[in-house]
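Here's the letter readout for the chains.
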Amino acid sequence: MRKLLFVLGGLLVAHLALLLVHPAGAVRLPDGDALEVGVVFDLGGRGDKSFNDGAYAGAMRASQELGARVRFVEPGEGSDREAGLRLLAAEGMDLVIGVGFIFTDDLTSLAREYPDVAFAGVDYALTVDAAGNVVAPPGNLAALKFREEQGSFLVGALAALVGGSKKVGFVGGMDSPLIHKFEMGYKAGVRHVCPDCTVIAQYAGVTPEAFGNPGRGKELALSQYQQGVNVIYHASGSTGLGVFEAARTLGRFGIGVDADQYNEAPGRVLTSMVKRVDESVFNAIQRVQAGTFTGGVYQFGLAENGVGYVYDENNRALIPDSVHARIEALRAEIIAGRITVPSTR
Amino acid sequence: MSRLRQVFEEGVLAPLVALLVALVAGDLLILAYGQAPGAVWSLLIEGTWGNAYGFGQVLYKATTLTCTGLAVAIGLRAGLFNIGGEGQLAAGGFGAAIMGLWLPSTTPALLAVPLCVGAACVAGGSVGLVPGVLKARFGAHEVIVTIMLNFIVLAFLNWIVSAHLAVPETLHTEGVRAGVLPRLSAMIPAFHGSAANWTLAVVLLAVGATWWFLFRTRSGYELRAVGQQPDAAEYGGIHVGQAWWRAMLMAGALAGLGGVNFVLGYKGYYEDGFAGGAGFLGIAVALVGRNHPVGVLLAALFFATLSQGGLAINALVPKQMVEVLQGIVILAVAMAVPEVRRLVRQAAGRATGRAR
């Protein structure tokens, strides 16, 4: 017992001493009148190399270029989403951003409760009322949505032009309206440049797990490649890693999604359909700073540089100049409104 | 005198040392991250017990954790390691939601609430019963069965919700029509915004009932006897298999009750993945609470504080640091539990014995 008491005393002294230490670089909570922005991540959190990291990059850019003070919250469970948003809103942040459609409900109710705070939801899901009309988000809430179908259209055209086969492939994650947008845009792009091409479109499953099943992705991709497909576009989260694996094994091509996925299979990733979450977040912060922020639905398409495809020194060798020029022409036509890309089945 | 001394040493001194070990480890972690420990700790307290909203969040989180903690504790009392809390919790929430969706919205609350809560307990209980019966009938190891059952239950719920019941573009069902439990803020306005709700009262009753059952009833005595020494209990005329499946049924029902907190008390709908690890954290809650219902309640409050406090200090340190801290607390407290220390000593003794 004496020993235990000594240990106790020793620990107590150590703790009290450590409490007094104040490292030079310690962050002090923000005060003053800088623009304050709070970001609550999805449960996946930072390090997903896609969605959350995109939001992080956009916020950090705003912090460097606009001098915004940014705070991040990473929720640990379902109720933390609301708690995180509330924490930031209650502190009087100028803008609070929820990253992911799963924040939809929480953002809507908090925006009503804190009318003086600006809110933004990446991929905010618009609700439809009984009469079939879209319910507008509250006036201080910006729904940041993406025209994934437009970017998918371009990579579809690219797949058909570069693939050298009358068959092109698509692997979706969860069979759901969100992923149908990718599929429909892609198919339209393929048919636009190659009317007699067929698209083999398959989904990994009907549950959210379908976004995290590389084994299934590889299986689907191998069977598509064996049917004569040369290029597969995936919109399936980490299931797509299996698609790249198959592309590497058979020496064919895959197309990445959301972020530039070139590094997942160097040389075998034709391009990636990028969704510029960073751009949308930066844009929202910029609007708040400029005092032009209003709620409503913001669509980020090709025109807003919200979606696009990767064309850089990594994959330039894979895409002939003539094809690139053709794709750029298509981009211009979509932006000009001469081509309308379907987004639903 | 020596008895008093032993109680003081094991009951007060050891947990205090454990807590201080965790605190000092936390200090060092915070310093390693370049922040001031004093500032971080005070922010953590301020964001949890320091204001009504934070305290309400702590109560909300503790409500679920108490249920899953009791589910593990009651299993351990019967000598069974129930790792199926996650699946039982999710099934309970699902049961409550289905009942709430099925009942007409005109059902009086006095009828709807017990029906929904009952449905949660039945759903969780049935998931718990499976490993209990398999253990009693065939001797199947409950650790394996409960772990595997987690996957089955979660995958099934995931499929049925996302494929059939979910509102488009979301992962949750429609709002329940009946059986919603009011939030505490309806009565105490200071709690405004926090998710704390009347499930807390139901769970406090469950804590009392569990204590009464374990220590004041014959079946509770039998259950504990089986947990201490099944062969001796059998010899003493206790039906061991029956005690096992009963314990697992109760464990499942208690975990299932935790689902009410989110589904009926907070959101009003079932959302895929709402359990979010609370079922697994229940193991730590039971361990730190030393398998005593009141201990479980206190441990649940402690872990809920860490969880909510983690959000509050997220501005200064990353979430992972709070998770590491949680792990250190579990380790430190586990070492302070006399049973665990004895086990470690025995294992060490065996190891050195063999080495010789």
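Residues numbered from 1 in each chain as written. Chains lettered and ligands numbered in written order. Predicted model: local features only at pLDDT ≥ 70, side-chain atom pairs only at ≥ 80, totals over all residues.

## Topic: the confidence of the model for chain B
All names here are of chain B. Going by this rule: Each residue carries a pLDDT score, the predictor's own confidence in it, on a scale running from 0 to 100. Comment: elements are numbered from the N terminus, with helices defined as DSSP H or I runs of at least four residues and strands as E runs of at least two.
For chain B, the average pLDDT comes to 90, and 98% of its residues sit at 70 or higher. For chain B, the element scoring lowest by mean pLDDT is helix α14 (residues 338–355), at 69; helix α7 (residues 199–216) scores highest, at 97. Among the prediction metrics, the complex's ipTM stands at 0.80, with pTM recorded as 0.85.

## With respect to the domain arrangement of chain A
Let me state the cut-off plainly: Boundary definitions for the domains trace back to an automatic or database domain assignment.
Structurally, chain A comprises domain 1 (36–146) and domain 2 (148–274 + 311–336). Computed over C-alpha atoms, the centres of domain 1 of chain A and domain 2 of chain A are 29 Å apart.

## Re the sheet that holds strand β9 (residues 253–258) of chain A
Residue and element names in this part refer to chain A. Put simply, the test is: A strand pair is defined by DSSP finding two or more bridges across the two strands. Axes here mean lines fitted to C-alpha atoms, for a helix over just the part in contact, with angles spanning 0 to 180 degrees between N-to-C directions.
With mixed pairing, 6 strands are arranged side by side in an open sheet as β7-β6-β8-β9-β10-β12. A strand with exactly one partner marks an edge of an open sheet, and here the two such strands are β7 (198–205) and β12 (307–309). In this sheet, neighbouring strand axes are inclined to one another by 15° on average, regardless of whether the strands run parallel or antiparallel. Both strand β6 (residues 167–174) and strand β8 (residues 231–235) contribute to a ladder of 4 bridges, which runs parallel. By the bridge assignment for β8, Gly172 is matched with Ala235.

## Re the environment of Ala22 of chain B
All names here are of chain B. Applicable threshold: Three exposure classes are used, all based on how many other C-beta atoms lie within 10 Å of a residue's own C-beta (placed from the backbone): buried at 20 or more, exposed at 12 or fewer, and partly exposed between those limits. Residues are treated as contacting if the C-beta atoms built from their backbones sit within 7 Å of each other.
Relative to the assigned elements, Ala22 resides in helix α1 (residues 2–32). Owing to 21 C-beta atoms within 10 Å, Ala22 belongs among the buried residues under this scheme. Considered as a pair, Ala22 and Ile328 are 306 residues apart in the sequence and their alpha carbons are 5.8 Å apart. Those residues in contact with Ala22 that sit more than four places away from it in its chain are Leu325, Ile328, Val329 and Ala332.

## Topic: the interface of chain A and chain B
Defined as follows: Note that Gly is not counted as nonpolar here; it falls among the polar residues with everything else outside the nonpolar set of Ala, Val, Leu, Ile, Met, Phe, Trp, Tyr, Cys and Pro and the charged set of Asp, Glu, Lys and Arg.
Tallying the contact residues gives 40 residues for chain A and 46 residues for chain B. Residue assignment for the side of chain A that touches chain B shows that the elements contributing at least two residues are α1 (2–20), β2 (69–73), α3 (78–90) and α6 (177–193) of chain A. Tallying contributions element by element places α1 of chain A first for the side of chain A that touches chain B, with 10 residues. For the side of chain A that touches chain B, the class distribution of residues is 25 nonpolar, 9 polar and 6 charged.

## As for unusual backbone geometry
Here Asp258 of chain A, not a glycine, exhibits a phi torsion of approximately 70°, which is positive. Assignment of secondary structure puts Asp258 of chain A in strand β9. By C-beta crowding, Asp258 of chain A is classed as buried, having 24 other C-beta atoms within 10 Å. The backbone of Asn291 of chain B shows a phi angle near 60°, a positive value even though the residue is not glycine. Its location among the elements puts Asn291 of chain B in the loop between α11 (278–288) and α12 (293–312). Judged by the 22 C-beta atoms lying within 10 Å of it, Asn291 of chain B is buried.

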